[in-house]
Amino acid sequence: MIGDAALRLSVSVHQLVVSMQSPAPKAPPPDSVTPGVWGFVVIFLIAVVVILLVIDMTRRIRRVRYRAEIAEKLDAEEAASGRGERPTPDGSGTDDRRD
(Lines give C-alpha, C1' and ligand atoms only; values in the text may rest on other atoms or scores of the structure.)
Protein backbone atom coordinates (compact mmCIF):
# COMPACT_ATOMS: atom_id res chain seq x y z
CA MET A 1 0.00 0.00 0.00
CA ILE A 2 2.75 2.49 0.85
CA GLY A 3 4.61 1.35 -2.27
CA ASP A 4 1.50 1.90 -4.39
CA ALA A 5 1.02 5.43 -2.99
CA ALA A 6 4.69 6.26 -3.60
CA LEU A 7 4.38 5.06 -7.20
CA ARG A 8 1.29 7.24 -7.78
CA LEU A 9 3.08 10.21 -6.23
CA SER A 10 6.14 9.78 -8.44
CA VAL A 11 3.96 9.45 -11.56
CA SER A 12 2.03 12.60 -10.73
CA VAL A 13 5.27 14.52 -9.98
CA HIS A 14 6.66 13.36 -13.32
CA GLN A 15 3.51 14.52 -15.14
CA LEU A 16 3.71 17.86 -13.36
CA VAL A 17 7.35 18.37 -14.38
CA VAL A 18 6.66 17.37 -17.98
CA SER A 19 3.72 19.75 -18.22
CA MET A 20 5.83 22.66 -16.84
CA GLN A 21 8.62 22.29 -19.43
CA SER A 22 8.57 24.73 -22.32
CA PRO A 23 8.33 23.34 -25.81
CA ALA A 24 11.53 22.95 -27.79
CA PRO A 25 12.30 26.07 -29.81
CA LYS A 26 11.81 25.72 -33.53
CA ALA A 27 14.66 26.67 -35.84
CA PRO A 28 13.90 29.64 -38.07
CA PRO A 29 13.77 28.97 -41.79
CA PRO A 30 17.16 29.40 -43.48
CA ASP A 31 15.75 32.00 -45.89
CA SER A 32 14.94 34.42 -43.09
CA VAL A 33 18.39 34.26 -41.45
CA THR A 34 20.37 36.81 -43.47
CA PRO A 35 22.59 39.74 -42.53
CA GLY A 36 20.18 42.09 -44.25
CA VAL A 37 20.79 45.64 -45.38
CA TRP A 38 22.70 46.62 -42.22
CA GLY A 39 25.12 43.73 -42.68
CA PHE A 40 25.82 44.85 -46.24
CA VAL A 41 26.29 48.48 -45.16
CA VAL A 42 28.74 47.54 -42.42
CA ILE A 43 30.82 45.27 -44.68
CA PHE A 44 30.83 47.93 -47.41
CA LEU A 45 32.06 50.60 -44.97
CA ILE A 46 34.79 48.29 -43.70
CA ALA A 47 35.93 47.67 -47.29
CA VAL A 48 36.01 51.42 -48.03
CA VAL A 49 38.04 52.10 -44.88
CA VAL A 50 40.53 49.34 -45.76
CA ILE A 51 40.99 50.71 -49.29
CA LEU A 52 41.58 54.23 -47.94
CA LEU A 53 44.10 52.91 -45.41
CA VAL A 54 46.02 51.06 -48.13
CA ILE A 55 46.15 54.21 -50.27
CA ASP A 56 47.35 56.29 -47.30
CA MET A 57 49.97 53.69 -46.37
CA THR A 58 51.29 53.62 -49.94
CA ARG A 59 51.63 57.42 -49.97
CA ARG A 60 53.46 57.43 -46.65
CA ILE A 61 55.89 54.70 -47.71
CA ARG A 62 56.60 56.53 -50.97
CA ARG A 63 57.16 59.80 -49.08
CA VAL A 64 59.64 58.15 -46.68
CA ARG A 65 61.51 56.59 -49.59
CA TYR A 66 61.80 59.94 -51.40
CA ARG A 67 62.99 61.67 -48.25
CA ALA A 68 65.70 59.02 -47.81
CA GLU A 69 66.86 59.50 -51.41
CA ILE A 70 67.02 63.27 -50.98
CA ALA A 71 68.91 62.91 -47.69
CA GLU A 72 71.46 60.65 -49.41
CA LYS A 73 71.94 63.18 -52.21
CA LEU A 74 72.38 66.03 -49.76
CA ASP A 75 74.89 64.01 -47.74
CA ALA A 76 76.84 63.20 -50.93
CA GLU A 77 76.85 66.87 -51.95
CA GLU A 78 77.98 67.95 -48.50
CA ALA A 79 80.76 65.36 -48.43
CA ALA A 80 81.91 66.37 -51.90
CA SER A 81 81.89 70.09 -51.07
CA GLY A 82 83.87 69.43 -47.90
CA ARG A 83 86.63 67.82 -49.97
CA GLY A 84 86.51 70.50 -52.61
CA GLU A 85 85.11 68.20 -55.24
CA ARG A 86 82.17 68.86 -57.44
CA PRO A 87 79.32 66.31 -57.17
CA THR A 88 77.93 64.65 -60.25
CA PRO A 89 74.36 65.39 -61.31
CA ASP A 90 73.17 62.07 -59.85
CA GLY A 91 74.67 62.95 -56.45
CA SER A 92 77.47 60.39 -56.37
CA GLY A 93 81.20 60.77 -56.79
CA THR A 94 82.90 63.68 -58.47
CA ASP A 95 82.46 65.37 -61.79
CA ASP A 96 85.57 65.29 -64.00
CA ARG A 97 84.35 68.14 -66.20
CA ARG A 98 86.07 71.48 -65.83
CA ASP A 99 84.33 74.81 -66.20
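Residues numbered from 1 in each chain as written. Predicted model: local features only at pLDDT ≥ 70, side-chain atom pairs only at ≥ 80, totals over all residues. Heavy atoms only, no water.

## Let's talk about the overall build of the protein chain
So, step 1. Secondary structure assignment for the protein chain yields two helices and zero strands.
So, step 2. Scored against the burial criterion, the 99 residues of the protein chain give a buried share of 4%.
So, step 3. Summing over all exposed atoms, the protein chain offers an accessible surface of approximately 9300 Å²; the carbon and sulfur share of this is 65%. (Helix = DSSP H or I, 4+ residues; strand = E, 2+ residues; numbered from the N terminus. Buried < 20%, exposed > 50% of the residue type's maximum accessible area, 1.4 Å probe, protein only. Areas by Shrake-Rupley, 256 points an atom, 1.4 Å probe, with all protein chains shown as cover.)

## Here we look at the pattern of salt bridges
So, step 1. This model, assessed by the stated rule, comprises one salt bridge.
So, step 2. A salt bridge links Arg-60 to Asp-56; its shortest N-O distance comes to 2.9 Å. With Arg-60 and Asp-56 both in helix H2 (residues 36–82), this residue pair falls four residues apart, about one helical turn.
So, step 3. The class of Arg-60 is partly exposed, set by a relative accessible area of 49%. (Salt bridge = Lys/Arg side-chain N within 4 Å of Asp/Glu carboxyl O.)

## Concerning a positive patch on the surface
So, step 1. Judged by side-chain charge, Arg-59, Arg-62, Arg-63, Arg-65 and Arg-67 come together as a positively charged surface patch.
So, step 2. Note on placement: Arg-62 falls in helix H2.
So, step 3. Look at Arg-62 and you get partly exposed, because its relative accessible area is 36%. (Patch = residues over 30% accessible without salt bridge, like charges linked within 9 Å, V, L, I, M, F, W, Y side chains within 5 Å. Lys, Arg positive; Asp, Glu negative; His and termini not counted. Charge placed at Lys NZ, Arg CZ, Asp CG, Glu CD.)

## Things to note about a nonpolar patch on the surface
So, step 1. A cluster of nonpolar side chains, Val-37, Trp-38, Phe-40, Val-41, Phe-44, Leu-45, Val-48, Ile-51, Leu-52 and Ile-55, forms an exposed patch at the surface whose accessible area comes to about 1100 Å².
So, step 2. Structurally, the position occupied by Trp-38 is in helix H2.
So, step 3. Residue Trp-38 is classed as exposed on the basis of its relative accessible area, which comes to 69%.

## Points about a negative patch on the surface
So, step 1. Where like charges cluster on the molecular surface, the negative patch consists of Glu-69, Glu-72, Asp-75 and Glu-78.
So, step 2. Accessibility expressed as a relative area gives 58% for Glu-78, which makes it exposed.

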